[in-house]
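This is what each chain is made of:
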Amino acid sequence: MSSLSRDDVAKLAALARIEMTEAELIELSSQFGMILDAVARVQDVNLDGVKPTSHPQPMLNITRPDVVAPSLSPEDALSGAPAQEDQRFRVPQILGEAE
Amino acid sequence: MINKTAAEMADALSKGETTSLALTQAHLDRISAVDSKVKAFLHVDKEGALAQAASVDAKRAKGEKLSPLAGIPLALKDVLAQKGVPTTAGSKILQGWRPPYDSTVAAKLKAAGVVIVGKTNMDEFAMGSSTENSGFGPTFNPWDLTRTPGGSSGGSAAAVSSFQTPLAIGSDTGGSIRQPAALTGIVGVRPTYGAVSRYGLIAYSSSLDQAGPFGRTVLDTALLHEVIAGHDAHDATSINADVPAVVAAAKSGDVKGLKIGVIKQLQGEGYQKGVQTRFDESLKLLASLGAEIVEVDCPNFEYALAAYYLIAPSEASSNLARFDAMRYGLRVGDKDGASAEAVMNITRDAGFGREVKRRIILGTYALSSGYYDAYYGSAQKIRTLIIEDYAKAFAKADVLVSPTAPTTAYKIGEKVDDPMAMYLGDVATIPVNLAGICGMSLPAGLAEEDGLPVGFQIMAPAMQDQRLYQVGAALEAALNSKWGAPILSNAPSLGGAA
């Protein structure tokens with residue numbers, strides 16, 4: 001039986017940039033063992049020498065001519081912005097106070 | 001009028017027996033009458049629909065040449081961007097967002113004169129099999145309002161099966177068109193991967209996602225398929241080839257001499273008795289029409305579900321990183337001094353639902369160093385084995401068949417706390433997605449024990465989508481003549497004027 005502790009889930013949540021509540025961390029860690037056991041069945045098959053498939057259509061280097069085509073106006077591009085200023089996206093502070 | 005097929009409606013429009021405005025209004029009235037019970041729609045665009053209908057009527061009056069589905073109402077799954085119309089993918093993180101552009105599917109529908117009446121409910125980001133994971137509440141099955149319509153395209157399937165629209169668009173990453181079609185007694189097709197552009201389809205799992213049509217008949221579904229399919233330079237995985245002749249195939253419906261392969265692994269144990277009975281009965285009908293039934297072996301399908309629930313969450317954990325609270329969508333906690341990272345973390349917790357978080361965490365785990373080879377890497381190799389199983393099976397048969405889902409529609413809330421039980425409902429549909437081929441579900445009748453619809457699944461090789469329609473049309477005609485009326489005539493009227 002696989003398992004994942006509350007702290008393991010907290011670490012994954014931090015990597016995934018989701019600030020989960022304590023209740024969410026505990027619920028997920030209680031469900032994870034069962035889910036991992038189910039998906040671990042992929043390891044029951046002998047996969048020596050089998051090539052991986054990342055994509056159903058083998059395609060390489062799809063190109064197009066480099067020509068100017070219509071694109072979004074600045075107003076349209078910013079239309080969904082949570083905050084904007086001077087025709088730009090306004091975002092929260094990116095660098096720390098001391099930097 | 002609303003009980004007619006889309007093909008019949010199109011015929012009435014071309015003969016001048018009705019107008020698109022009248023047809024659209026009749027469907028808007030039906031939505032007003034029944035959707036408070038079914039909850040198929042997240043947004044109804046009454047103004048936009050009536051404007052499009054009026055424009056099509058004006059063109060027709062001038063004698064302009066119109067596409068076969070011009071003026072016909074349609075419901076669009078909320079996973080597809082439609083310019084200026086709220087598009088959420090069922091997620092609170094996108095509540096209020098109005099896309100500044102059209103998805104290619106929406107653009108093609110508009111260009112063909114199809115009337116998009118609204119956006120339909122779905123499991124958040126298409127992650128789910130019951131529409132219960134929507135951030136805006138579940139959709140209810142028109143056959144029994146205490147049951148789920150399936151998912152993730154449950155809103156689209158429920159809209160068509162309750163006569164709110166004759167046609168709808170869904171998307172199918174692991175069965176999300178075929179399974180709800182099965183559970184609501186309609187036809188749904190997942191086209192070959194790359195046959196319909198993914199541009200503007202909000203991504204869940206990019207190597208598996210594919211939009212496709214719903215209809216109440218095989219021919220209606222084919223007519224819609226032809227409108228949305230085709231190469232698109234905006235999608236690098238779009239196939240640059242002619243669209244298979246699906247409408248011609250739906251009109252021919254001849255299966256004489258065709259080899260139909262029954263997949264040994266997708267029947268029997270684990271399948272509800274009434275589902276298996278209807279499936280076996282349909283096989284006999286196909287044999288009586290001159291098809292040759294053979295059994296095929298796909299031993300690696302046993303591992304398809306496990307591979308899917310590693311590949312899809314892995315791709316999702318990457319795709320959903322774009323919801324960062326910076327350029328569009330929800331932003332929470334943007335107070336003085338809060339860092340961008342803190343705002344992102346809080347917003348993603350507030351905006352994503354339980355199942356989406358579960359899959360992002362699972363995907364993050366499967367892709368993390370130390371586990372990558374054992375989980376994601378192994379799943380990719382299983383994918384190769386499934387493609388090889390299909391290749392061997394298609395060497396023996398022109399199409400493959402199975403029940404679409406192991407059970408009929410289950411009760412709302414029945415599986416919501418048991419993710420593995422929910423995932424098992426996709427066992428027969430997932431192999432198609434992993435291999436990138438095409439599949440159809442069409443109604444095979446009602447299960448004896450509960451009187452609910454059963455789906456019959458047909459699968460064909462990549463870019464042989466016309467075979468689905470050929471076999472589907474033959475089976476549909478045989479079943480209809482046996483029943484004496486289409487299956488949906490048995491569904492409750494829901495109190496609205498029908």
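What counts, and at which threshold
- Residues numbered from 1 in each chain as written.
- Chains lettered and ligands numbered in written order.
- Predicted model: local features only at pLDDT ≥ 70, side-chain atom pairs only at ≥ 80, totals over all residues.
- Helix = DSSP H or I, 4+ residues; strand = E, 2+ residues; numbered from the N terminus.
- Rg over C-alpha atoms; globule rule 2.2 N^0.38 Å.
- Buried ≥ 20, exposed ≤ 12 C-beta atoms within 10 Å, placed from the backbone.
- Contact = placed C-beta atoms within 7 Å.
- Nonpolar A, V, L, I, M, F, W, Y, C, P; charged D, E, K, R; others polar.
- Axes fitted to C-alpha atoms, helices over the stretch in contact; angles between N-to-C directions.
- Parallel < 35°, antiparallel > 145°, perpendicular 65-115°, else oblique.
- Pairing = 2+ DSSP bridges.
- UniProt positions renumbered as here; feature names shortened; annotations may be inferred.
- pLDDT = per-residue confidence, 0-100.
- Core = buried A, V, L, I, M, F, W, Y, C linked by C-beta atoms within 7 Å.
- Right-handed = clockwise from strand over helix to strand, strands pointing away.

Q: Quick question: what am I supposed to make of the overall build of chain A here?
A: If you tally the helices and strands in chain A, you get three helices and two strands. Taken from N to C terminus, the helices and strands of chain A fall in the order α-α-α-β-β. In terms of overall dimensions, chain A is more spread out than a globule: its C-alpha atoms have a radius of gyration of 23 Å, far above the 13 Å expected for 99 residues. Across its three principal axes, chain A shows a C-alpha extent of roughly 55 × 45 × 25 Å. The buried share of chain A, reckoned over its 99 residues, is 18%.

Q: Even after reading the chapter, I still don't get the overall build of chain B, so can you show me in this structure?
A: Assigned secondary structure in chain B consists of 16 helices and 11 strands. Whereas a compact globule of 498 residues would reach a radius of gyration of roughly 23 Å, chain B reaches 21 Å, a difference of no more than 12%. Once local pairs closer than 6 in sequence are excluded, the contacts in chain B between residues at least 24 apart make up 76%.

Q: Would you explain helix α5 (residues 154-161) of chain B in this entry?
A: Because the α-helix completes a turn every 3.6 residues, residues three or four places apart line up on one side. Residue and element names in this part refer to chain B. With eight of its eight residues buried, α5 lies for the most part within the structure. Among all positions in α5, only Gly154, Gly155, Ser156, Ala157, Ala158, Ala159, Val160 and Ser161 are buried. Directly after α5, the chain includes Phe163, whose backbone phi takes a positive value near 60°.

Q: So what exactly am I meant to see when it comes to the interface of chain A and chain B here?
A: A common measure of how large an interface is: the accessible area buried when the components associate. Between chain A and chain B, the contact holds 44 residues from the first and 58 residues from the second. Only α1 (6-15), α2 (22-39) and α3 (74-77) of chain A provide two or more residues apiece to the side of chain A that touches chain B. By residue number, the principal contributor to the side of chain A that touches chain B is α2(A), which donates seven residues. For the side of chain A that touches chain B, the per-class residue count stands at 28 nonpolar, nine polar and seven charged.

Q: When you look at the environment of B:Gly261 in this model, what are you seeing that I'm missing?
A: All names here are of chain B. With respect to the helices and strands, Gly261 occurs in strand β7 (residues 259-263). Separated by 180 residues in sequence, Gly261 and Ala81 have C-alpha atoms that sit 38 Å apart. Not counting chain neighbours up to four residues away, the residues in contact with Gly261 comprise Val294, Val296, Ala393, Lys396, Ala397 and Leu400.

Q: Help me understand helix α4 (residues 104-111) of chain B in this model?
A: Residue and element names in this part refer to chain B. Within the sequence span of α4, burial applies to Thr104, Val105, Ala106, Ala107 and Leu109. Buried residues along α4 sit in contact with β2 (73-77), β3 (115-120), β4 (167-171), β6 (211-215) and α7 (218-228). With its phi angle positive at about 80°, Gly113 sits one or two positions after the end of α4.

Q: For this particular structure, what's the right way to read the packing of helix α10 (residues 304-319) of chain B against helix α12 (residues 354-366) of chain B?
A: If you want to describe how two helices pack, look at the angle between their axes and the distance between the axes. All names here are of chain B. Direction vectors running N to C along α10 and α12 enclose 100°, while the axes themselves pass 7 Å from each other. Classified by the interaxial angle, the pair formed by α10 and α12 is roughly perpendicular. Contact residues: Leu310, Pro313, Ser314, Ala316 and Ser317 in α10; Arg359, Ile360, Leu362, Gly363, Thr364 and Ala366 in α12. In terms of residue class, the contact of α10 with α12 is built from six nonpolar, four polar and one charged.

Q: Whenever I open this one, the sheet that holds strand β11 (residues 453-460) of chain B confuses me. Can you help?
A: As a general point, the strands of a sheet are linked pairwise by backbone hydrogen bonds and lie either parallel or antiparallel. Residues and elements named next belong to chain B. Spatially, the 11 strands line up as an open sheet ordered β1-β3-β2-β4-β6-β5-β10-β11-β9-β7-β8, and their pairing is mixed. Because the sheet does not close on itself, it has two edges, and the strands there are β1 (41-44) and β8 (292-296). Between one strand axis and the next, the sheet turns through 25° on average, direction left out of account. The sheet strands contacting helix α9 (residues 273-288) are β7, β8, β9 (399-403), β10 (438-446) and β11, and the helix crosses β11 at an angle near 50°.

Q: I keep staring at the pairing of strand β5 (residues 187-190) of chain B and nothing clicks. Help me out?
A: Regular strands show a simple pattern: their side chains alternate between the two faces of the sheet. All names here are of chain B. Here β5 shows a buried face lined by Val187 and Val189 and a second buried face lined by Gly188 and Arg190. The pairing of β5 with β6 spans two bridges and is antiparallel. For Gly188, the partnering residue across the bridge sits in β6 and is Phe214. Across three bridges, β5 lies against β10 in antiparallel orientation. Residue pairing across strands places Gly188 opposite Ser441, the latter belonging to β10.

Q: Which parts of the structure should I look at to understand the UniProt feature "domain: Amidase" (unreviewed entry) in chain B?
A: When the UniProt feature table is mapped onto this chain, "domain: Amidase" (unreviewed entry) is found at residues 23-468 of chain B. Secondary structure within residues 23-468 of chain B divides into 38% helix and 14% strand; the distance between the first and last C-alpha atoms comes to 30 Å.

Q: What exactly am I supposed to notice about the confidence of the model for chain A here?
A: Low pLDDT marks regions whose predicted coordinates should not be analysed in detail. Across chain A, the average pLDDT comes to 91, with 96% of residues at 70 or higher. Of all secondary-structure elements in chain A, the lowest mean pLDDT belongs to α2(A), at 93, while α1(A) reaches the highest, 96.

Q: Would you mind showing me how to read the nonpolar core here?
A: Soluble globular proteins tend to bury their nonpolar side chains together. Residue and element names in this part refer to chain B. Counting residues in each nonpolar core, the largest one holds 179 residues, and the members touching the most others are Leu69, Leu74, Ala307 and Leu310. Counting residues per element, this core draws most heavily on α10, which supplies 10 residues. In contact with Leu74, other than residues within four places in its own chain, are Leu109, Val114, Val115, Ile116, Val117, Thr165, Leu167, Ala168 and Ile169.

Q: Is there a simple way to think about the pairing of β3(B) in this case?
A: Residue and element names in this part refer to chain B. Burial analysis of β3 places six of its six residues in the buried class, the great majority of the element. Of the strand pairs in this sheet, β1 and β3 are connected by three bridges, and their pairing is antiparallel. Each bridged residue has a counterpart across the sheet, and for Val44 the counterpart in β3 is Gly118. The sheet contact formed by β2 and β3 spans five bridges and is parallel. Bridging from a neighbouring strand, Leu76 pairs with Lys119 of β3. With α4 bridging β2 and the parallel β3, this β-α-β connection has right-handed handedness.

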